[in-house]
Every structure is written in structure tokens, then in C-alpha cells.
Amino acid sequence: MARKKLIAGNWKMNGLTADGLALAKGIAAEVKALGKPQCEFLVCPPFTLLSAVKKSLRGAKVALGAQDCHYDSKGAHTGDVSPLMLTDIGCSYVILGHSERRADHGESNELICKKAISAHQAGLKTVICIGETLEERDSGQTIDVCSKQILGSVPESATAANTVIAYEPVWAIGTGKTPTAQDVEDVHAAVRKVLSKKLGKGNANKMRILYGGSVKPSNAREFLSLPDVDGALIGGASLKVEDFMAIAKNSGC
Ligand code: PEP
């Protein structure tokens, strides 16, 4: 089953106007220069830059995503942003359940699931993040934890067309540490099995499962050539045009 690889940048809480737009323009120019890229590209800047980045990406095959959304379409939720607001300004994706949101904002699987349903209803594609902590890994619970996160945070409305899963071991995010390629493949294959039980084999075989956690140009080929790895969610290395594009090029894009 051919799944088009997704190379996604999560800028997190980084980027003022000048450097954010320079980054977006640099990525847009490089992706245009690829002609017909073999991968799909996505950038997820902070809310404050979404509209301006959208303009900077004009004409380039780079999708725009946000890093979170509320589950309501409007109303009394001070400081929150709704899925409809995101589609309104040209987003096609939203990241949900990133481990930093699970940790910093106490987001539960149920809440993430609620957000995903609402995002799908608004026409957004979701990148739903899962991953174990170091403690969970050391006590042999990785697959169990990831399976529970999939079962709890991926809604019944998820299809291969509207959902991407990102497996991001919490201990590998921003640390420079990574699992072995075999570990990553084992988790991705197990996640696909759980998806198959939950959403059916057809959806599971077509759904992209990204790896995230200290992906850089030097390890991209190793991870992205694994059979069940369908792209990368990249944090730190997505903030430099050369690194982001080198990851893409080393992954066969
Ligand atoms: C992330 O937070 O999504 C991530 C993978 O970060 P980094 O690439 O910096 O580890």
C-alpha cells in the first residue's frame, strides 16, 4: 500500500514575524524547486503567524497547520481558537495531543478525541500524537501506552484521509536521543494493528504514521525507510530551512 510521506514541521512556540516569515519563504522556495515532490509538506507555526505564513507559502505545495484547537466552533473560551477559525484562515491540518500539551495543559485522551471530532467536522485533517515517557518505556509499557492512547484519542470519525498519527516517544523529543530503528518499526506496526481493529484494515493500511523525536538530516533516512514509517513530525530541525529540507531530501522526497 503506497502512502505518500508527510514531512511536517512543528515550530512550537518559536518565531517572531521576521524570522517566521523568512523560514516560511525559504521552505516555500525549496519545495517549489523540487518540482514534483514525492512527499507532502506541512508547516505548523504558532497561531500568531498562521495568516502571514499562509501568504508566504503561496504557490508552493506546503500545507498549513495549527498546533492545537478547541473542540467548540465558537463561544466563551478565552484564549482558545476553534477549528472553524483555522479553516477560515487557510489551515488544512491541526496537531492534537502533542505530549507538551498533554503535559503542560493536562490534556486527556478524551479531550483530544473531542477536539479531533470537531476538527474533522470543520474539514481539518488531524495529526494525533502519541508516545510513551521514559518511565513507561523502561517498565516495558511502550506498546500498551501507545495502544491506549490510540484507542482513547482517535475518534470513530478518523479515516486515512482525515487523520495522521505521530508516534513521538516523549523522552526523544528535543533531547537528541532516539529509539533504535527496530524499536520504531515495532511500535508503528503495533499501532497499525490497533488502528486496524478500531477503524478497519482499509483505513489502517492507508493511514500515515509519522515518527517524531529528534529527527535530523543524519538519521532521517534510517527512520523514514522503515516499512511502517510514513513521514516525520519535526520540532527543532524544522526551524532551519536547510535541516528541514535535508530531512526531506534524505527521505526520498
Ligand atoms: C516534536 O516536538 O514534535 C518533536 C519531534 O521535536 P524534536 O524534533 O525537536 O525532537
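Up top is the structure these notes are about.
Just so it is clear, the model here is predicted, and its values are computed rather than measured. (Residues numbered from 1 in each chain as written. Predicted model: local features only at pLDDT ≥ 70, side-chain atom pairs only at ≥ 80, totals over all residues. Heavy atoms only, no water.)

A look at the state of the cysteines
Then comes step 1: On inspection of all chains with the given rule, the structure shows one disulfide.
Then comes step 2: Between the sulfur of Cys39 and that of Cys253 lies a disulfide, 1.9 Å long from S to S. What sets the handedness of the Cys39 and Cys253 disulfide is the S-S torsion sign, and at about -85° it is left-handed. With Cys39 in the loop between helix H1 (17-33) and strand E2 (40-44) and Cys253 in the segment after helix H11 (241-250), the pair connects residues that are 214 residues apart, well separated along the chain.
Then comes step 3: Taking relative accessible area as the criterion, Cys39 reaches 5% and is therefore assigned buried.
Then comes step 4: The class for Cys253 is buried, based on a relative accessible area of 13%. (Disulfide = S-S within 2.5 Å. Helix = DSSP H or I, 4+ residues; strand = E, 2+ residues; numbered from the N terminus. Buried < 20%, exposed > 50% of the residue type's maximum accessible area, 1.4 Å probe, protein only.)

Topic: the site of the ligand
Then comes step 1: Neighbouring the ligand are 14 residues, the closest being Lys12, His98, Glu168, Gly174 and Ser214.
Then comes step 2: In this structure, Lys12 approaches the ligand through a side-chain N or O atom, which is 2.5 Å from an oxygen atom.
Then comes step 3: The contact in question runs from an oxygen atom of the ligand to an N or O atom on the side chain of His98, over 2.7 Å.
Then comes step 4: Residues belonging to the shell around the ligand are distributed by class as follows: four nonpolar, eight polar and two charged. (Near = heavy atom within 4 Å. Polar contact = N/O pair within 3.5 Å; in protein donor to acceptor, adjacent residues only side chain to side chain. Nonpolar A, V, L, I, M, F, W, Y, C, P; charged D, E, K, R; others polar.)

Side note on the packing of aromatic side chains
Then comes step 1: Counted according to the given criterion, the structure contains three aromatic pairs.
Then comes step 2: Following the ring pairs from residue to residue traces out a cluster consisting of Tyr167, Tyr211 and Phe223.
Then comes step 3: For the cation-ring pair, Lys114 lies above Tyr71, with the distance from its terminal atom to the ring centre recorded as 4.1 Å. (Phe/Tyr/Trp six-rings, centres within 6.5 Å; stacked < 30°, edge-to-face > 60°. Lys NZ or Arg CZ within 6 Å of the ring centre and 35° of its normal.)

Digging into the environment of Met85
Then comes step 1: Looking at where Met85 falls in the secondary structure, it is placed in helix H3 (residues 83-88).
Then comes step 2: Judged by relative accessible area, Met85 falls into the partly exposed class, the value being 42%.
Then comes step 3: On a C-alpha basis, the gap between Met85 and Cys69 in space is 9.1 Å, while along the polypeptide they are 16 residues apart.

Examining the layout of surface pockets
Then comes step 1: Quantified by volume, the largest pocket comes out at close to 480 Å³.
Then comes step 2: As for the largest pocket, its lining consists of 20 residues, and the residues nearest its centre are Phe47, Gln67, Asp68, Arg101 and His105.
Then comes step 3: The element that contributes the greatest number of residues to the lining of the largest pocket is helix H4 (residues 99-104), accounting for three residues.
Then comes step 4: A per-class count over the lining of the largest pocket returns seven nonpolar, seven polar and six charged.
Then comes step 5: Put simply, the second largest pocket is a space of about 220 Å³.
Then comes step 6: Around the second largest pocket, the lining is made up of 16 residues, and of these Gly174, Ser214, Gly235, Gly236 and Ala237 lie nearest the centre.
Then comes step 7: In terms of residue class, the lining of the second largest pocket is built from five nonpolar, eight polar and three charged. (1 Å grid on protein atoms, 1.4 Å probe; cavity = no way out; pocket = protein on both sides within 12 Å on 5 of 7 lines; lining within 4 Å. Points joined across faces, edges and corners; volume = space filled by probe spheres on them.)

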